[in-house]
There are 4 protein chains.
Amino acid sequence: MDTVHEVVELSGHIIDSWTLPRAWDVIMDRGGNFDVEEMRVGATKNETSYARVKVSAPTDEVLDLILSELQQLGAVLLEPNDVHTAPVEQDGVLPPRFYSTTNLQTQVRLLGQWVKVEEIEMDVAVVITSDKKRAYCRPMHDVKVGDEVVVGHEGIRVIPYERERERESFAFMQSSVSSEKAKVLAIHEIARQMKETRARNGKILFVLGPAVIHTGAGRYVAELLRRGYVQVIFGGNAIITHDIESALFGTSLGVNLESGEQVEGGHRNHLRAINAIRGIGSLDKAIETGLLREGITYEAIKHNVPMVLAGSIRDDGPMPGVISDMIEAQKRMRNEVQGVEMAIMIASMLHAIATGNLLPAHVRTVVVDINPAVVTKLADRGSFQAAGLVTDAELFLRELLDVLS
Amino acid sequence: MDTVHEVVELSGHIIDSWTLPRAWDVIMDRGGNFDVEEMRVGATKNETSYARVKVSAPTDEVLDLILSELQQLGAVLLEPNDVHTAPVEQDGVLPPRFYSTTNLQTQVRLLGQWVKVEEIEMDVAVVITSDKKRAYCRPMHDVKVGDEVVVGHEGIRVIPYERERERESFAFMQSSVSSEKAKVLAIHEIARQMKETRARNGKILFVLGPAVIHTGAGRYVAELLRRGYVQVIFGGNAIITHDIESALFGTSLGVNLESGEQVEGGHRNHLRAINAIRGIGSLDKAIETGLLREGITYEAIKHNVPMVLAGSIRDDGPMPGVISDMIEAQKRMRNEVQGVEMAIMIASMLHAIATGNLLPAHVRTVVVDINPAVVTKLADRGSFQAAGLVTDAELFLRELLDVLS
Amino acid sequence: MDTVHEVVELSGHIIDSWTLPRAWDVIMDRGGNFDVEEMRVGATKNETSYARVKVSAPTDEVLDLILSELQQLGAVLLEPNDVHTAPVEQDGVLPPRFYSTTNLQTQVRLLGQWVKVEEIEMDVAVVITSDKKRAYCRPMHDVKVGDEVVVGHEGIRVIPYERERERESFAFMQSSVSSEKAKVLAIHEIARQMKETRARNGKILFVLGPAVIHTGAGRYVAELLRRGYVQVIFGGNAIITHDIESALFGTSLGVNLESGEQVEGGHRNHLRAINAIRGIGSLDKAIETGLLREGITYEAIKHNVPMVLAGSIRDDGPMPGVISDMIEAQKRMRNEVQGVEMAIMIASMLHAIATGNLLPAHVRTVVVDINPAVVTKLADRGSFQAAGLVTDAELFLRELLDVLS
Amino acid sequence: MDTVHEVVELSGHIIDSWTLPRAWDVIMDRGGNFDVEEMRVGATKNETSYARVKVSAPTDEVLDLILSELQQLGAVLLEPNDVHTAPVEQDGVLPPRFYSTTNLQTQVRLLGQWVKVEEIEMDVAVVITSDKKRAYCRPMHDVKVGDEVVVGHEGIRVIPYERERERESFAFMQSSVSSEKAKVLAIHEIARQMKETRARNGKILFVLGPAVIHTGAGRYVAELLRRGYVQVIFGGNAIITHDIESALFGTSLGVNLESGEQVEGGHRNHLRAINAIRGIGSLDKAIETGLLREGITYEAIKHNVPMVLAGSIRDDGPMPGVISDMIEAQKRMRNEVQGVEMAIMIASMLHAIATGNLLPAHVRTVVVDINPAVVTKLADRGSFQAAGLVTDAELFLRELLDVLS
């Protein structure tokens, strides 16, 4: 009954990483069938495995669907063609059959050569240079008339993310999201990875939500900045506003961070903080004039750590430095994300999800939030590489700093 | 020891609404003292009460703080002065001692007359027209050089929100946020109020999150639109994208809404939906050409119901119609909020908080979410007028529509 | 280097059910290695597959560990021995190497025959009758001196639970726990399964928490009882107390279920309800005398539906009928669980977990709670067979009844 | 129209504690009216205030209801009578109009004297000794034929819990339950109170859930025991089982507490731990023989700290020392609760609620859980005296120990 077929190869840690069974699952879920023509299991953990599988399906359409899903798992056709492209005919609009990326390392076949797709991120298009030598990612709104965009599924190779058995200590955080686990262990492991990353001069990105300031944990982030553990910060209007509020008035949302008491008239302090910086013109000037003398923003500027602050519809102000246009803010985030090796997202949902969308799968990502729903939401997206920690942001940062000292 | 004092009057339902005890609390918390010079308790529930209280404090500063807080409770000085103002000297920057609004109805004293502040909302400034006849709200970033802005606390009268004993059925939802309550009762009450609001031609605002579409409940909102129960919609890129995705492909986030199954290749459907509308140019054209034939967006456009869609940093696309600039989006929301009498916020956090910031306290607000943290966060802000319902958005909408039929 | 090995067979839907890859994972995680000696993949979905795998390990201990874990996946040694046993030497104490059950159907080899273990449940011991003809489960505290208890891992065969591709509509609820799914679809599917179960005269168990009464949803359960959809009820002191409270006084925790208002003095009503039934002597007498005329308890007694009510340390009273001794209560639950084919657990955590521990894996289990943490906790335990629904208990029951009508 | 009335007096910190406005609220909510005949406000914070209020109502029934509610707020009739009683006529059954206690200090008028009710707890009856000299609490199931039980509302005086302005640092935790607060501040305050309590030789009670062990935080509790900060422990089968499991095998629920990895075969370890202690006969013998050498249970026994372990329906085993009968377990908890001055409840719901029911309102209670719903549920019950901390149990204990050192 099955009338069409194609042979694909899978190689790498396809047993460990469950690539092979997931491939079988895809084939059967979509109504196809398969025959394992050859299979070699790596004798040791460092050796890779190999499988050649003949996939059959009742129709061409089904076979096509199956192949495109197998591709995400790293399957490659035995006899691949060059990638297909179609030109953009309207600015900001993709050709109908555009290929949409994953966050996994990806190659396209150009003039018979496998070429790496640059600046890989999820859910965007791939544009090919006119000389057919390079390929790079472009978000939909950024494509221009004449850009050659990858379409269909031929000539594309995805390098799947492979589970690393050797680094089980990081891996153990990934199994499931729960507050009922030993967090101190996990924090030690995160600290170890931060040190390693910095030892090879890798970039660490922090994504911060305002609860970091409300809980008085801003001081720990400031110290991490001073110690060189933060190379770039993403956040929104709230984190910077309350950081400046705490630097200027000692409060966050009007609560005194030393005594925990609500300060008289303090509910206006965040507006006063924004107004003060707007009045002086910029954050840099606020430091120059001596108005701003401490806090995350202060340390970031002092240490030349870029902060990309993306506004949102709920913002007051906004604070100078916050980007009101979302297209522009995404662009800035895309630029700064290049080269990031580790991302630590704390008590943030909106900005953490936005960042997760931009990060390639190989970036070690740690999501810390007291709400398991947030951690699950974020850890689920990037799949293997994100470790979720359901814990208290304030105590996490305090402990992390302690372990790093 | 107390050396300075001032006499204030409080009147209205100050017993029922706990205005009086809260006033006492403020005075003592801030280090002052008081003497009740006269108190008249309304004999029946419809009669108002009156209290004249002499407030004393150790210093002028403390007295000033106390008076400014009492003001929020509706206290008025026995012998009021005109409101004070200061001119804006730099676009988008307020004078240092600017008065920051609450969401309660507010009056300022101009040339000896109490004048209502127009377009009242929370955390903004009050600008006085040059003829000293009118006063209106302005967000910080919108003030211009030369605007006269209210400063200090004199000559300001806040009309506190008073608990209504007569409408206990609505009130019972306000006592506490819990899923362990009879929601069917609450839904009947909400339906009753929606009918009342529409009977007097009042505007009902819906703020919608994407879970409304994911759960297949978009059809109920579409029906509410057809029946005239929705006058304006606020949301983001996600709600409209998945609404269009479901209209075009029958899926939401790639899940078939009829069968609940993940559709092959469906994870791209939201991108395809955005791309299709971008290609055709606009939502209106998508309807004209017959591409878009159903759903919330379709019904909203057909029934001339404005949708204000504010983008966010996590958006793909965005979909045409979504506003990328936050200053612009807030402006549009401010315009559309005028005249709204009832606001129903469902499965939305970001846009619901943004809306809550703009709504005057007298707007009946219902917050529906399955996550009690979201409901608490929203219901807490606007205080008395927001009713929180911890329940399932899909089943809530189904039941609401059923009751309204 | 690997010096010991053993050959095992796996058969059944081992591809679909991920049995094979999980087996590989176990082998490699525990430090062993494997060689696929033979593999046959079923040509169609109804055909089973087969694999013969040679497992090697560095030591006997590791091989033993691997084999015991493979056993849980259904692996059987090529040349099996009879099961090993050891006698109980102290009442309520097991022999050191006792085999601890899973909730999967299990067989033991006795005199060369595979014999089914009766009354299977999780985390208990298996006792063999003296004639070596039968095997049954016994909790630790119930074993007596002289009982022959299964030890080690030889001669045991676990029949793994296999994913059913045909019943995807139920399966789709199992993929992940989220409130962002179409619950109405799921409720239709649950209703369909309830009808099927009843059509073949199968038993349906309801486990109920007190929120069912607090939300006014007791009436829907009462109606399900009248319609014959409930064959046994598990719960605690709270559900019955508030059920009787609502039948006697129209309140639950003092809140009037018709109006939603707190009733004067109503906080005592649950104590009055308990006291009234204690005074009259029993629930049966309360019905006989006409004191109790409606509600879940009333309908359960009228329709001879057994209620097992297990007390807890937080109980007031307790209500007559509630079992204060936990050993006794578990015994009653174990008895009533026999023959149950479907279990619906609503807004209960303690009693739902207790029930989950007792249910064999093949019982269709639906867990309904508004708190995703509860649903995850429960759905995780029993693995494949539990479907979690994050939704509102009240609206779920209302909709379920509606669909069943 | 109001035809009946009564005059009541309120005194104490009735302004600060919002007693007076709550009294007004009660009167008006129930359909009565009032006239403030005299009011004296304390001139300083240490002085008390006084109010004499004439309460009127349309009927005797309404007046009665109002007076009984005012009583809970500390109101006393101007001309009080002796308390009324009725005899118990059936063991375990109260007279119909029995008075049900609050957890506030309470007095009854016997032979013209105000006598303190001993062993006060919530939701129980008050029994008067035959010589009418003493009064004490008794749970419903414990009353015997012939006991004289307080009925109605006359002759009862409740001493309301008064907010203490001086101890704002503790108070600030009470305002609302949120993870967005500075927990380190709160932990310092808790440590200070623990030291104070121990300095005056007061008892500190810990209520512990199993997550304390799962997260590896058992070591911190063991250290607190060694340092004399724990005088009594409440918990269940799970906490002790996993504590013993970790002492014997280094795991909790099979997870190695040093490495965070799942141990081979470890899912049985909790059963093995129970079986081992059952085999040896008792916890004391396990220590004597050297089997048990560390952990919470070990330290508790070594330091003569009583542990009351109440079983539940979900328990395996149970572990020796766990009480299976709930009536018996409550009795033991009631005994040990006497004299407790501070209660710290960590990651426990069932046992924490049970404990909360037994604690008088004046016991300083701290509820620590990562789930805000649990904290709210517990902090709500006991009203003013419970401080809720939404944070990570493991990091909380680590920090607390650190601060106490």
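Predicted model, so just to flag it, every value in this text is computed and none were measured.

### Some details on helix α14 (residues 393–404) of chain D
Residues and elements named next belong to chain D. Here α14 spans 16 Å end to end across 12 residues, near enough to the 16 Å set by a 1.5 Å rise per residue. In terms of burial, α14 is largely enclosed, as 10 of its 12 residues are buried. Those residues of α14 that sit buried are Ala393, Glu394, Leu395, Phe396, Leu397, Glu399, Leu400, Leu401, Val403 and Leu404. The N-capping residue of α14, defined by a side-chain oxygen 2.9 Å from the backbone nitrogen of glutamate 394, is aspartate 392.

### Regarding a negative patch on the surface
Residue and element names in this part refer to chain A. Together, Glu6, Asp60, Glu61, Asp64, Glu79 and Glu154 line one region of the surface with negative charge. Looking at the negative patch, the element that brings in the most residues is helix α2 (residues 60–72), giving 3 residues. Residue placement: glutamate 61 occurs in helix α2. Look at glutamate 61 and you get exposed, because its relative accessible area is 57%.

### Some thoughts on the environment of glycine 92 of chain A
With respect to the helices and strands, glycine 92 of chain A occurs in the loop between β5 (84–87) and β6 (106–110). Glycine 92 of chain A gets classed as buried once you look at its relative accessible area, which sits at 2%. C-alpha of glycine 92 of chain A to C-alpha of valine 145 of chain A: the two residues are 53 residues apart in sequence and 8.2 Å apart in space. The contacts of glycine 92 of chain A, once residues within four sequence positions are left out, are Met140, His141 and Val143 of chain A together with Arg278 of chain B.

### Digging into the sheet that holds strand β6 (residues 106–110) of chain B
Residues and elements named next belong to chain B. Taken in spatial order, the 7 strands of this open sheet run β5-β10-β8-β9-β7-β6-β11, and their pairing is mixed. Looking along the sheet, the strands with just one partner apiece sit at the ends: β5 (84–87) and β11 (156–158). Adjacent strand axes in the sheet meet at a mean angle of 40°, parallel and antiparallel pairs treated alike. Pairing of strand β7 (residues 113–118) with strand β9 (residues 135–138) involves 2 bridges; the strand directions are parallel. The residue of β9 that forms the bridge with glutamate 118 is tyrosine 136.

### Quick word on the interface of chain B and chain A
The interface of chain B with chain A comprises 50 residues on the first partner and 51 residues on the second. When the two sides are added together, the surface that chain B and chain A hide from each other amounts to roughly 4300 Å², 57% of it contributed by carbon and sulfur. Counting across the chain B and chain A interface gives 0 salt bridges. Connecting chain B to chain A are 18 residue pairs in polar contact (both at pLDDT 80 or more). Broken down by element, the residue count for the side of chain B that touches chain A peaks at 7 residues, all from helix α8 (residues 269–280) of chain B.

### Points about the packing of aromatic side chains
One pass over the full model with this rule turns up 6 aromatic pairs over all chains. With 5.3 Å between their ring centres and 10° between their planes, tryptophan 24 of chain A and phenylalanine 34 of chain A make a pair best called stacked. Of this pair, tryptophan 24 of chain A sits in helix α1 (residues 19–29) while phenylalanine 34 of chain A is found in strand β2 (residues 33–40), placing the two residues 10 residues apart along the sequence. A ring pair is formed by tryptophan 24 of chain B and tryptophan 24 of chain D, whose centres lie 6.3 Å apart and whose planes are at 70°; its orientation type is edge-to-face. Note that tryptophan 24 of chain B is positioned in helix α1 (residues 19–29) and tryptophan 24 of chain D in helix α1 (residues 19–29), a pairing that runs across two chains. The exposure class of tryptophan 24 of chain D is buried, given its relative accessible area of 1%. Here the aromatic cluster, defined as three or more aromatic residues joined through ring pairs, consists of Trp24 and Phe34 of chain A together with Trp24 and Phe34 of chain C. Sitting over the ring of tyrosine 220 of chain C, arginine 219 of chain C keeps its end group 5.9 Å from the ring centre. One cation-aromatic arrangement involves arginine 268 of chain C over phenylalanine 98 of chain D; the distance from NZ or CZ to the ring centre is 4.7 Å.

### Remarks on the sheet that holds strand β13 (residues 232–235) of chain B
All names here are of chain B. Strand order in the open sheet made by the 7 strands is β17-β16-β13-β12-β18-β19-β20, with parallel pairing throughout. Taken across any chain shown, the strands that pair with only one partner, and hence form the sheet edges, are β17 (322–323) and β20 (386–390). With 2 bridges joining them, strand β16 (residues 307–310) and β17 adopt parallel strand pairing. The residue bridging leucine 309 from the neighbouring strand is valine 322, located in β17.

### Things to note about the domain arrangement of chain A
Buried accessible area, meaning the area lost when the parts come together, often serves as the stated size of an interface. Annotation of chain A at the domain level lists domain 1 (1–79), domain 2 (80–161) and domain 3 (171–404). Between domain 1 of chain A and domain 3 of chain A, the C-alpha centre-to-centre distance is 42 Å.

### Things to note about the relation of the copies chain B and chain A
Turning chain B through 180° and shifting it by 0.0 Å along the axis lays it on chain A, with an RMSD of 0.1 Å. The symmetry that links the two subunits is that of a two-fold axis. In terms of C-alpha distance to the rotation axis, chain B has aspartate 325 of chain B as its closest residue, with the C-alpha 2.1 Å off the axis. An overlap of 100% is found between the interface residues of chain B and their copies at the interface of chain A, pointing to a shared contact surface.

### Details of the environment of proline 160 of chain B
All names here are of chain B. One can find proline 160 in the loop between β11 and α3 (168–171). The sequence separation of proline 160 and alanine 75 amounts to 85 residues, and the corresponding C-alpha distance is 9.1 Å. The residues touching proline 160, leaving out its near neighbours within four places in the chain, are Leu73, Gly74 and Leu104.

### Examining the environment of aspartate 402 of chain B
With respect to the helices, strands and loops of the structure, aspartate 402 of chain B is situated in helix α14 (residues 393–404). In this structure aspartate 402 of chain B comes out as exposed when scored by relative accessible area, which is 54%.

### Considering the packing of helix α6 (residues 218–226) of chain D against α14 of chain D
Residue and element names in this part refer to chain D. The interhelical angle for the contact between α6 and α14, taken along N-to-C directions, is 30°, at an axis separation of 9 Å. With respect to each other, α6 and α14 are oriented roughly parallel. Every pair of crossing elements has a handedness; the one defined by α6 and α14 is left-handed. Judged by residue contacts, Tyr220, Val221, Glu223 and Leu224 of α6 engage Glu394, Leu397, Arg398, Leu400, Leu401 and Leu404 from α14. Across the contact of α6 with α14, the residue classes tally to 7 nonpolar, no polar and 3 charged.

### A closer look at the packing of helix α4 (residues 183–199) of chain B against α14 of chain B
All names here are of chain B. Interaxial distance between α4 and α14 falls to 9 Å at its minimum, and their mutual angle equals 55°. Judged on the interaxial angle alone, α14 and α4 are oblique. Remark: the crossing between α4 and α14 carries right-handed chirality. Contacts between α4 and α14 involve Val184, Ile187, His188, Ile190, Ala191, Met194 and Lys195 from the first element and Phe396, Glu399, Leu400, Val403 and Leu404 from the second. Grouping the constituent residues of the contact of α4 with α14 by class yields 9 nonpolar, 1 polar and 2 charged.

How each quantity is defined
Residues numbered from 1 in each chain as written. Chains lettered and ligands numbered in written order. Predicted model: local features only at pLDDT ≥ 70, side-chain atom pairs only at ≥ 80, totals over all residues. Heavy atoms only, no water. Helix = DSSP H or I, 4+ residues; strand = E, 2+ residues; numbered from the N terminus. Expected span 1.5 Å × (residues − 1). Buried < 20%, exposed > 50% of the residue type's maximum accessible area, 1.4 Å probe, protein only. Polar contact = N/O pair within 3.5 Å; in protein donor to acceptor, adjacent residues only side chain to side chain. Patch = residues over 30% accessible without salt bridge, like charges linked within 9 Å, V, L, I, M, F, W, Y side chains within 5 Å. Areas by Shrake-Rupley, 256 points an atom, 1.4 Å probe, with all protein chains shown as cover. Salt bridge = Lys/Arg side-chain N within 4 Å of Asp/Glu carboxyl O. Lys, Arg positive; Asp, Glu negative; His and termini not counted. Charge placed at Lys NZ, Arg CZ, Asp CG, Glu CD. Contact = heavy atoms within 4.5 Å. Pairing = 2+ DSSP bridges. Axes fitted to C-alpha atoms, helices over the stretch in contact; angles between N-to-C directions. Buried area = accessible area lost by both parts, 1.4 Å probe. Phe/Tyr/Trp six-rings, centres within 6.5 Å; stacked < 30°, edge-to-face > 60°. Lys NZ or Arg CZ within 6 Å of the ring centre and 35° of its normal. Domains from an automatic or database assignment. Least-squares fit on C-alpha atoms with pLDDT ≥ 70 in both. Parallel < 35°, antiparallel > 145°, perpendicular 65-115°, else oblique. Left-handed = near helix turned anticlockwise from the far one by under 90°. Nonpolar A, V, L, I, M, F, W, Y, C, P; charged D, E, K, R; others polar.

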